[in-house]
Structure formats: structure tokens, C-alpha cells
Amino acid sequence: MTSFEPAASVFAHISPINKDRGATSVFPLVRSPQRRPGGSRDPVDEEAGVARGAPGPRGEGGTCANAVLAFAYIFVSGSMILINAGLVRRAFPYPSLLACLHMTSNACLVRVVLVARRFRRPKDPLVQAVDRRIVLYGFLPAALGTVASLSLVNSSYRHCSVSLAQVIKSTNVVWTYAACLVLGLRTFSLLDFSNLFLIVAGVSVACVEGPKTGCSTYGVFLAFSGIVVEGFRLAAMEKLLASRHIVLSPTTYLYYVAPVNAVGLFLVAVATGEWTAFAAAGYATPPSRVLALNCAFAFALNGLGLVVIRRLRAVSFVLSGIVKDVVLASVSHVVYRERRTPQQIYGYTAALLGLFYYQWRRIPESRLARTPSGDGLARAAAVVDEKKARKRTAT
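Scoring rules and cut-offs
- Within each chain, residue numbers correspond to sequence positions counted from 1 in written order.
- Only residues with pLDDT of 70 or above have their local features reported here, since the model is predicted, and side-chain atom pairs are shown and tallied only from 80 upward, although totals for entire chains, interfaces and linings are computed over all residues.
- Computation of side-chain values covers all heavy atoms of the structure but excludes hydrogens and water.
- Strands are runs of DSSP state E lasting at least two residues, helices are runs of H or I lasting at least four, and both sets are numbered from the N terminus onward.
- The rule is simple: take the accessible area with a 1.4 Å probe, protein chains only, and divide by the maximum for that residue type; under 20% is buried, over 50% is exposed, in between is partly exposed.
- Contact between two residues is taken to exist if any of their heavy atoms lie within 4.5 Å; hydrogens are not considered.
- The protein chains shown are the only cover counted for residues, whose accessible areas, like all others here, come from Shrake-Rupley with a 1.4 Å probe.
- The nonpolar core is taken to be a set of buried Ala, Val, Leu, Ile, Met, Phe, Trp, Tyr and Cys residues, with the residues joined through side-chain atoms within 4.5 Å.
- The patches described consist of residues with a relative accessible area above 30% and no salt bridge, like charges being joined within 9 Å and nonpolar side chains (Val, Leu, Ile, Met, Phe, Trp, Tyr) within 5 Å.
- Only one rule defines a salt bridge in this text: a Lys or Arg side-chain nitrogen within 4 Å of an Asp or Glu carboxyl oxygen.
- In this scheme Phe, Tyr and Trp rings, the latter by its six-membered ring, pair at centre separations within 6.5 Å, and the angle between planes marks the pair as stacked below 30 degrees, edge-to-face above 60, and tilted otherwise.
- The criterion for a charge sitting over a ring is simple: Lys NZ or Arg CZ within 6 Å of the ring centre, and within 35 degrees of the ring normal.
- How sure the predictor is of each residue is captured by pLDDT, a score from 0 to 100.
- Orientation is described by lines fitted to C-alpha atoms, with helices fitted over the stretch in contact, and by angles between N-to-C directions that extend from 0 to 180 degrees.
- With the far helix as reference, a near helix turned anticlockwise by less than a right angle produces a left-handed crossing, and one turned clockwise produces a right-handed crossing.
- Only Asp, Glu, Lys and Arg are considered charged, only Ala, Val, Leu, Ile, Met, Phe, Trp, Tyr, Cys and Pro nonpolar, and every remaining residue, Gly among them, polar.

(A) Just the overall build of the chain, in detail. Along its length, the chain carries 16 helices and 2 strands. Looking at the chain as a whole, 53% of its 395 residues qualify as buried. Sequence separation of at least 24 residues holds for 83% of the intrachain contacts in the chain that already meet a minimum separation of 6. Of the roughly 17,100 Å² of accessible surface on the chain, 67% is carried by carbon and sulfur atoms.

And the structure:
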């Protein structure tokens, strides 16, 4: 998980393709709009990447354009992770404050984008209307989970290598799957269990060798804690989304939740002493151009992540995440001189292969789960509806 991953990327978690382990936000929770006559695009659906009455846009565009898009996503996401690790370790050792800065810049920039779009569509509302109960039971818990996950994982970069942190993130699918079993959103599968066990085994081998490469046990604990929180948060959000049959929109979510996340992260920074240490250091910050580039990457990753999810085919989408992890492990070895043992390389390979196979098996399921209206939560919603029906029958 980077300091801030795209809001769009979480669609990969709550849809059957669990692609990006670093997602730290979810789309906004809004009621599904009515279909327009003739199957035309609704503005809400267009923002969420859904075509009413038309096939989904995934896979559109030429091979060359998609390759460039995947490369851009890998470059921006990987660069942001490397910059975050460098800042937290050297120039700006305040991980919660750095995440707070990202959230603040995202809250400001998303408002600029929405106002600019208002000039193109003056009749459309600035943001979508959101029910207060959705804000109370959806946005706020999501924001609290994001704050906790960001604080824990970003702090792990100070005690853990980038490559090990990335492979630990691959266990996100494990914790999300476990939470979905607890919440009744998934049924147990021996094949899934065996597949996820391979991921856990590979990560365990890599973590055992961590102290030999300068990674502390405390850093590994922080990384795992953040990923566990993120996995259960995603499962809880999936249950909420499925039970209410709602459409997702990334910009509206950022509009409402990014300010809440920024305030929460600032409070964490105050509680952990980061703000006191920052003040004692004379409020010294890295060069403004570095921070500006970092914040720009954080915001660009949201829009780019949404485009990648909408345009790339499922296999390409999964492969881009695997390639990003491999590239990060290689580049971090060159840039930060991170050491790794042969056993760690074997563990990385086993975890990434297990992750790829798990996601690849769920690609057909993802296609079947999507209805013509674009609701990617049909499977989970059906499970929730079936449980409700059983409860009514029992009573």
C-alpha cells in the first residue's frame, strides 16, 4: 500500500478480481440511478465507468494504447511507492503527516476537477447526493479504516524493505477472503484455501529471512497489521455495497472522504508525536518540488487507476499489478541498496505466482458477476439477499 492508492483500484477488491493490494479507499456509496431511454449513458454511470444498456468498456482501445496505459500505471504507482519510502526513511520521517498531505492535496484537487467539469456540464450537479445514513455507516467507517491502514503500512517503510512490504501486501486477498467468509459474502472453497495458503507460505518464507536483510520484526508487524485492517475494511464495505445495491463513483468519494481522512491522519500524527517532532525540527520539509511531484502522483494515480480498470482487459489488469511488484523489487534493490536472500526470492516468487493464479481463476467469475447494468456486486448482493430471505423464512 502506498501512501495513497487510487480510489478506483478498490473496485478490483470488491469485484471478484482482487487485483491491487494497495488500495486504500472505496468508491462513494450512491443509489443506483434509473436507466435513461434508449440505453444511453447516465452521468452517474459514466463517472463510475458503467454503460447502462451497453456492454462494459473494459478492453476497448488498441493494443498499443493499452500497453502505454499499463506502463503509465506501473510507472506512476511504482514511482510513488519509491518516493514515499525515500521520504519516510530520510527527508521526511513522518509517515502519517505525509499521508495527511496527500489526502489534503487530493481533497483540494478533486474539487478543482469537479468545478472544471461543471463548465462542461453546467446542468449537472457538482457532486452526487448522498444519504446521511450512507455517510454515517459507510464513509466514516471507511475513513477510519483507511486512516489506520495508511498509518500502519506507511510507518512500516521505516523498518522494512520496499520489496518485503510489497510481498506482504499480497496477503490482502487472504484477509479479505477470510473477512468475507466471516460476513457471509463468500462460501468456503478448498481450492481457494489451497491457493491462498501458497501465498501465505511464500510471504512467511520471505518474512523469516527479513532480519538477515535489515528488516525488523516490528516493521513486518506494522505491515501485516495495516494489511489486515485493510482487508477487513474492504470486506465490510463490500457487505454494505451489496446489501444496498449501490453504484460507485470515485470523485464523489474523494470529495467527501479525503478531508475526513486528512483530519484523521493529522490526529494520528499528533497522538504519535510526529507533529511534535516535526515542530522541534523547525518544520523542515523536503524540497517543495519533491513534495509537489509526490502529491501530483497521488492524485494522478486515482484518475489513472480508474482508466486502467475501465480500459484494460482483465488479464492485462492482473498482470500490470504483478509486473509492478516485480519492478519495484528490482528497482528498490538498485536505488536503496536493499539486500535479499535466495530464500526471500523463492518466497516472493511463490507468493506472486499464487496471487496471479488466484486472480486469474476469478476472471471468468468476474465476467459472469457483471450484469448488463454494470453492477459488479451482483454475486455478493445475491448472497446477502439469500441470507435475508432465510432469516424472514425462519422468523
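(B) Inspection of the nonpolar core at higher detail. With 22 residues, the main nonpolar core has Leu164, Val167, Ile168, Val173, Leu196, Ile199 and Val203 as its most contacted residues. The set of elements that each furnish at least two residues to this core consists of helix 6 (162-169), helix 7 (172-183), helix 8 (190-208), helix 9 (217-244) and helix 14 (342-361). Looking at this core element by element, the count peaks at 5 residues for helix 8. Grouped together as the second largest cluster of nonpolar side chains are 17 residues, Phe92, Tyr94, Ala165 and Leu328 included.

(C) View of a nonpolar patch on the surface. A surface patch of nonpolar side chains, about 550 Å² in accessible area, is lined by Val263, Phe266, Leu267, Val270, Trp275 and Tyr283. Considering every element that reaches the nonpolar patch, the biggest residue donor is helix 10 (residues 250-271), with 4 residues. Structurally, Trp275 is set in helix 11 (residues 274-280).

(D) Seen up close, the packing of aromatic side chains. Within this structure, the stated rule accounts for 12 aromatic pairs. Between Phe188 and Phe193, the aromatic rings sit 6.0 Å apart at their centres with planes inclined by 50 degrees, giving tilted as the arrangement. Judged by centre distance (5.2 Å) and plane angle (70 degrees), the ring pair of Phe266 and Trp275 falls under edge-to-face. An aromatic cluster is built from Phe92, Tyr94, Phe266, Trp275, Phe278 and Tyr283, whose rings are joined through pairwise contacts. A cation over an aromatic ring shows up here: Arg89 above the ring of Tyr336, its NZ or CZ 5.2 Å from the ring centre.

(E) Fine view of unusual backbone geometry. With a phi close to 55 degrees, Tyr283 is a non-glycine residue in the positive phi region. For Tyr283, the location among the structural elements is in the loop between helix 11 and helix 12 (288-311). By relative accessible area, which is 45% here, Tyr283 ends up partly exposed. Notably, Arg337 is not glycine yet its phi reads approximately 55 degrees, a positive angle.

(F) Spotlight on the pattern of salt bridges. The final tally for this structure, using the stated rule, is 3 salt bridges. In this structure, Glu338 and Arg89 form a salt bridge, with 3.1 Å as the shortest nitrogen-oxygen distance. Of this pair, Glu338 sits in the loop between helix 13 (314-335) and helix 14 while Arg89 sits in helix 3 (residues 63-91); the two residues are 249 residues apart in sequence, bridging distant segments of the chain. Glu230 is paired through a salt bridge with Arg233; the nearest N and O atoms lie 2.8 Å apart. Separated by 3 residues within a single helix, Glu230 and Arg233 lie in helix 9, roughly one turn from each other. Look at Arg233 and you get buried, because its relative accessible area is 6%.

(G) Examining the environment of Pro286 more closely. Secondary-structure assignment places Pro286 in the loop between helix 11 and helix 12. Separated by 195 residues in the primary sequence, Pro286 and Ala91 place their C-alpha atoms 5.8 Å from one another. Once residues lying within four places of it in the same chain are set aside, the contact partners of Pro286 are Leu87, Ala91, Phe92 and Leu291.

(H) Spotlight on the confidence of the model for the chain. Averaged over all residues, the pLDDT of the chain equals 75, while 70% of them reach at least 70. Within the chain, the element-level pLDDT minimum falls on strand 1 (residues 30-31), averaging 36, and the maximum on helix 11, averaging 94. For residues 1-60, every residue scores under 50 in pLDDT, and the model assigns this stretch 235 contacts once sequence neighbours within four places are set aside. Overall, residues 368-379 carries pLDDT values under 50, and its contacts beyond four positions in sequence, including any with other chains, amount to 26 contacts.

(I) Layout of the side chain of Ser156. When you line up the elements, Ser156 lands in helix 5 (residues 132-156). Once residues within four sequence positions are removed from consideration, Ser156 is found in contact with Gly219, Leu222 and Ala223.

(J) Region of interest: the environment of Leu353. Assignment of secondary structure puts Leu353 in helix 14. Residues Leu353 and Gly202, spaced 151 residues apart in sequence, show a C-alpha to C-alpha distance of 9.4 Å.

(K) Local environment of the packing of helix 6 against helix 14. Two numbers describe how helix 6 lies on helix 14: the axes approach to 10 Å, and their chain directions differ by 35 degrees. Regarding helix 6 and helix 14, the two cross each other, and that crossing is left-handed. For the pair helix 6 and helix 14, contact is made by Ser163, Leu164 and Val167 and by Gln344, Tyr348 and Ala351, respectively. Split by residue class, the contact of helix 6 with helix 14 holds 4 nonpolar, 2 polar and no charged.

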